[in-house]
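For reference, the chains in residue letters:
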Amino acid sequence: DGYMVLRGVLSREECDAEVELLWRFVTTVSPAVVRDDPESWYPPADGQPDPWPHSGWRSFADMFQHHGAGWLFGSLRER
């Protein structure tokens, strides 16, 4: 588990545009998640559902396993 930094893969403008698309996806699929309200990023109480987009399947809980996420960065992938 972790991440890798690949410097220079995206320009600042491309990165900003893709982050905007990401947030548009999140707020469309899960309107309870508000970009400028970090309190909305977490379940309101222990045992409450995760407000972030996810498939609902325990084995694929990540938001990018959601059926709509594959199209999210499609325009960037095509460049």
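Scroll up to find the structure.
Note that the coordinates shown come from a computational prediction; the quantities given were computed from them, not determined experimentally.

Participant: Explain the environment of Pro49 to me, please; I cannot follow it from the model alone.
Facilitator: Considering the arrangement of structural elements, one finds Pro49 in the loop between helix H1 (12-29) and helix H2 (74-77). Residues in contact with Pro49, not counting those within four places in the same chain, are Pro43 and Pro44.

Participant: When you look at the packing of aromatic side chains in this model, what are you seeing that I'm missing?
Facilitator: The description of an aromatic ring pair rests on the distance of the ring centres and on the angle between the ring planes. Scanning the entire structure with this criterion turns up one aromatic pair. Summarising the aromatic geometry, the rings of Trp23 and Trp41 are spaced 5.8 Å apart at their centres and angled 40° between planes, so their arrangement reads as tilted. In this pair, Trp23 sits in helix H1 while Trp41 sits in the loop between H1 and H2, placing the two residues 18 residues apart along the sequence. With a relative accessible area of 26%, Trp41 lands in the partly exposed category.

Participant: I keep staring at the side chain of Ser30 and nothing clicks. Help me out?
Facilitator: Of note, Ser30 is situated in the loop between H1 and H2. A relative accessible area of 9% means that Ser30 is categorised as buried. Of the polar contacts made by the side chain of Ser30, one reaches the backbone oxygen of Pro51; its length is 3.1 Å. The residues touching Ser30, leaving out its near neighbours within four places in the chain, are Pro51, Trp52 and Pro53.

What counts and how
In this convention, every chain numbers its residues from 1, walking through the sequence in written order. Local features in a predicted model are, by the rule used here, given only for residues with pLDDT of at least 70; side-chain atom pairs are given and counted only at 80 or more, and totals for whole chains, interfaces and linings are based on all residues. Side-chain descriptors were evaluated using all non-hydrogen atoms of the structure, hydrogens and water having been removed beforehand. Under the DSSP-based scheme used, a helix requires at least four consecutive residues in state H or I and a strand at least two consecutive residues in state E, with every element numbered from the N terminus. Note on contacts: a residue pair qualifies if any of its non-hydrogen atoms lie within 4.5 Å across the two residues. Aromatic rings from Phe, Tyr and Trp, with only the six-membered ring used for Trp, were paired whenever their centres fell within 6.5 Å, and each pair was classed as stacked if the ring planes differed by under 30 degrees, edge-to-face if by over 60, and tilted otherwise. Each residue gets one of three labels from its accessible area relative to the maximum for its type: buried under 20%, exposed over 50%, partly exposed in between, using a 1.4 Å probe on protein chains only. Any pair of nitrogen or oxygen atoms within 3.5 Å is treated as a polar contact; in protein, a donor-acceptor pairing is required on top of that, and neighbouring residues in sequence qualify only through side-chain atoms on both sides.

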